[in-house]
Structure formats: C-alpha cells, structure tokens
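So the chains spell out like this:
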Amino acid sequence: MPMYEFECQECGEIFEELLGINESTDGLKCPKCQAKNPRKVLSVFSSATGGSSGASCTPSGST
Ligand SMILES: [Zn+2]
C-alpha cells in the first residue's frame, strides 16, 4: 500500500496516511486539528535534502 503525504489546509500540519487504490481521502482528518479535506502533497524525496540545487545538472567536459 502506498503512503501519501497530506497537508492540512487549516493548520498546515503534514502527516502521512496509507491509502489503498480504491480508498478515498474523504474520511481523512488532520491529526492535529481534526480538519477535513487535507491537501495531498507529493512525496518528493529530493526535497528532504534541500541543498545542492542544480549541481546535478551542471554540464561536464565542455571542450
Ligand atoms: Zn490541521
């Protein structure tokens, strides 16, 4: 089962939930303020580092 990240639109809390393919986000609530309809955010792995922007895109060997 894939894990998704959600961001509460009320308090900005980020939390993770396991969702099945046929499972909807209707019943999801923020664990902090119990607000409904959290915003699904993509689990961007690279955002965790937050450094070295563009370093990997640097062309090498410009002869
Ligand atoms: Zn909240």
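In this text, all values refer to a predicted model and were calculated from it rather than measured experimentally.

## With respect to the packing of aromatic side chains
Following the criterion strictly, the structure yields 1 aromatic pair and no others. Positioned above the aromatic ring of Tyr4 is the side chain of Lys40, whose terminal nitrogen or guanidinium carbon lies 4.4 Å from the ring centre.

## With respect to the sheet that holds strand 1 (residues 3-7)
Here we have 3 strands laid out as an open sheet, ordered 2-1-3, and antiparallel in their pairing. Looking at the sheet topology across the chains shown, the edges are occupied by strand 2 (14-18) and strand 3 (39-41). In this sheet, adjacent strand axes meet at a mean angle of 40 degrees when their direction is disregarded. Pairing analysis gives 3 bridges linking strand 1 to strand 3, with the strands arranged antiparallel. Bridging across to strand 3, Phe6 finds its partner in Lys40.

What counts and how
Residues numbered from 1 in each chain as written. Predicted model: local features only at pLDDT ≥ 70, side-chain atom pairs only at ≥ 80, totals over all residues. Heavy atoms only, no water. Phe/Tyr/Trp six-rings, centres within 6.5 Å; stacked < 30°, edge-to-face > 60°. Lys NZ or Arg CZ within 6 Å of the ring centre and 35° of its normal. Pairing = 2+ DSSP bridges. Helix = DSSP H or I, 4+ residues; strand = E, 2+ residues; numbered from the N terminus. Axes fitted to C-alpha atoms, helices over the stretch in contact; angles between N-to-C directions.

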